[in-house]
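Residue-level listing of the chains:
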Amino acid sequence: VSKPDFMEMSIVVLELLKLPLNGEMATLRAEDLMGTALDAVSPDASLHDALKIMNRTGDLQLPVVKDGELVGIITDRDLRLAMNSPFAQTDTPTRTATFSRKKANLKREAILDDIQVDQCMAPDPQCVSSDTPAHEVADLLSLNKFGVMPVVDEDKLVGMISGIDFLKHFAANP
C-alpha cells in the first residue's frame, strides 16, 4: 500500500469542506486562513531567480507581481517543465561522471538565467477576495486542483491560501 501524497490528502480535506456547513466553517473567510508573508517575483525576473526564491522559502508557487498588481503565478512544475524542455537539454553525452553532471547542471542554470518568468507563468490567475467564504475557496482549490489561490483586494495582492492553510487551521482548532 502506497502512502498518499500531500496533494491527494489536501484534496480529501478540501472535499470534506464541501459537507453541509455548520459552526465555524460557515463564518470562516479567506482572510482567516491566508498567508500574508508573501514572496513575489517580477515578470521580467529570470527563472533562476524564481528558483532561488522557491528554494529559500520552500514555496511551490510564487505570485508574479508587476507595479503592485498580480499578473500571474509561477510554480515549481513550470520550472521543472522549463528545465526539461528541449531548450534546456545539454549536449553532454553521458551523465554518469560527476564532472559531466556538474557541467550539465551549469549549462541548465545558464539557460534558466536567459528565460524570463513571464514566458512560463500562468497569466491572470483566478483569485478570491479576503471576504470570500472559506468553503468557496476550498471548492475552487479542489475543483480546479490548484495548489494555491491568490487573495486580492482592490487590485492588490494581500495573501495566498492553500490546502496547507486549511490543514494548519483545523489542526490548531480541533
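Above this note sits the structure.
This text gives an overview of the structure that appears in the document. Small disclaimer: the values here were computed from a predicted structure and weren't measured.

## Things to note about the sheet that holds strand S2 (residues 69-75)
Right, so step 1: Pairing in this open sheet of three strands is antiparallel, and the strands run S1-S2-S3 from one edge to the other. A strand with exactly one partner marks an edge of an open sheet, and here the two such strands are strand S1 (61-66) and strand S3 (122-123).
Right, so step 2: Where S2 and S3 come together, two bridges link them in antiparallel fashion. Within the sheet, the bridge partner assigned to Gly72 lies in S3 and is Pro123.
Right, so step 3: Sheet strands in contact with helix H4 (residues 47-57) are S1 and S2, and its direction is about 130° off that of S1.

## Quick word on the side chain of His48
Right, so step 1: Examined against the element boundaries, His48 turns out to sit in helix H4.
Right, so step 2: Polar contacts involving the side chain of His48 include one to the side chain of Asp113, which spans 2.8 Å.

## Quick look at the packing of H4 against helix H5 (residues 76-83)
Right, so step 1: Their axes nearest at 11 Å, the elements H4 and H5 cross at an angle of 135°. Regarding the angle of H4 to H5, the classification is oblique. Considering how the two elements wind past one another, H4 and H5 form a crossing that is left-handed. Taking contact as the criterion, the partners of Leu47, Ala50, Leu51 and Met54 in H4 are, on H5, Asp76, Leu79 and Ala82.
Right, so step 2: Looking at the contact of H4 with H5 residue by residue, the classes come out as six nonpolar, no polar and one charged.

## Here we look at the side chain of Asp165
Right, so step 1: Note that Asp165 resides in helix H8 (residues 163-172).
Right, so step 2: In this structure Asp165 is buried but unpaired, with Lys168 as the nearest side chain of opposite charge at 5.0 Å.
Right, so step 3: Polar contacts involving the side chain of Asp165 include one to the main-chain amide nitrogen of Ser162, which spans 2.8 Å.
Right, so step 4: Every residue in contact with Asp165, bar those within four places of it in the chain, is listed here: Leu33, Gly35 and Met160.

## Topic: H4
Right, so step 1: Among the residues of H4, those classed as buried are Leu47, His48, Ala50, Ile53 and Met54.
Right, so step 2: Looking one or two residues beyond H4, the residue adopting positive phi is Gly58, at roughly 80°.

## Considering H8
Right, so step 1: Buried within H8 are the following residues: Gly163, Asp165, Phe166 and His169. One face of H8 carries all of its buried residues, which in axial projection span an arc of 160°. Exposed side of H8, more than 90 degrees from the buried face: Lys168, Ala171 and Ala172 are the residues found there.

## Considering the environment of Thr27
Right, so step 1: In this structure, Thr27 sits in helix H2 (residues 24-27).
Right, so step 2: For Thr27, a relative accessible area of 55% corresponds to the exposed category.
Right, so step 3: Each C-alpha atom of the pair Thr27 and His135 lies 9.2 Å from the other, and the pair is 108 residues apart in sequence.

## Section: the pairing of strand S5 (residues 156-162)
Right, so step 1: In terms of burial, S5 is a largely internal element, five of the seven residues being buried.
Right, so step 2: Bridging between strand S4 (residues 148-153) and S5 involves six bridges; their strand directions are antiparallel. By the bridge assignment, Pro150 is partnered in S5 with Met160.
Right, so step 3: As consecutive antiparallel partners, S4 and S5 are separated by two residues, and within that stretch Glu154 has a phi angle of approximately 50°, a positive value.

Conventions used here
Residues numbered from 1 in each chain as written. Predicted model: local features only at pLDDT ≥ 70, side-chain atom pairs only at ≥ 80, totals over all residues. Heavy atoms only, no water. Pairing = 2+ DSSP bridges. Helix = DSSP H or I, 4+ residues; strand = E, 2+ residues; numbered from the N terminus. Contact = heavy atoms within 4.5 Å. Axes fitted to C-alpha atoms, helices over the stretch in contact; angles between N-to-C directions. Polar contact = N/O pair within 3.5 Å; in protein donor to acceptor, adjacent residues only side chain to side chain. Parallel < 35°, antiparallel > 145°, perpendicular 65-115°, else oblique. Left-handed = near helix turned anticlockwise from the far one by under 90°. Nonpolar A, V, L, I, M, F, W, Y, C, P; charged D, E, K, R; others polar. Buried < 20%, exposed > 50% of the residue type's maximum accessible area, 1.4 Å probe, protein only. Lys, Arg positive; Asp, Glu negative; His and termini not counted. Salt bridge = Lys/Arg side-chain N within 4 Å of Asp/Glu carboxyl O. Arc of directions from axis to C-beta.

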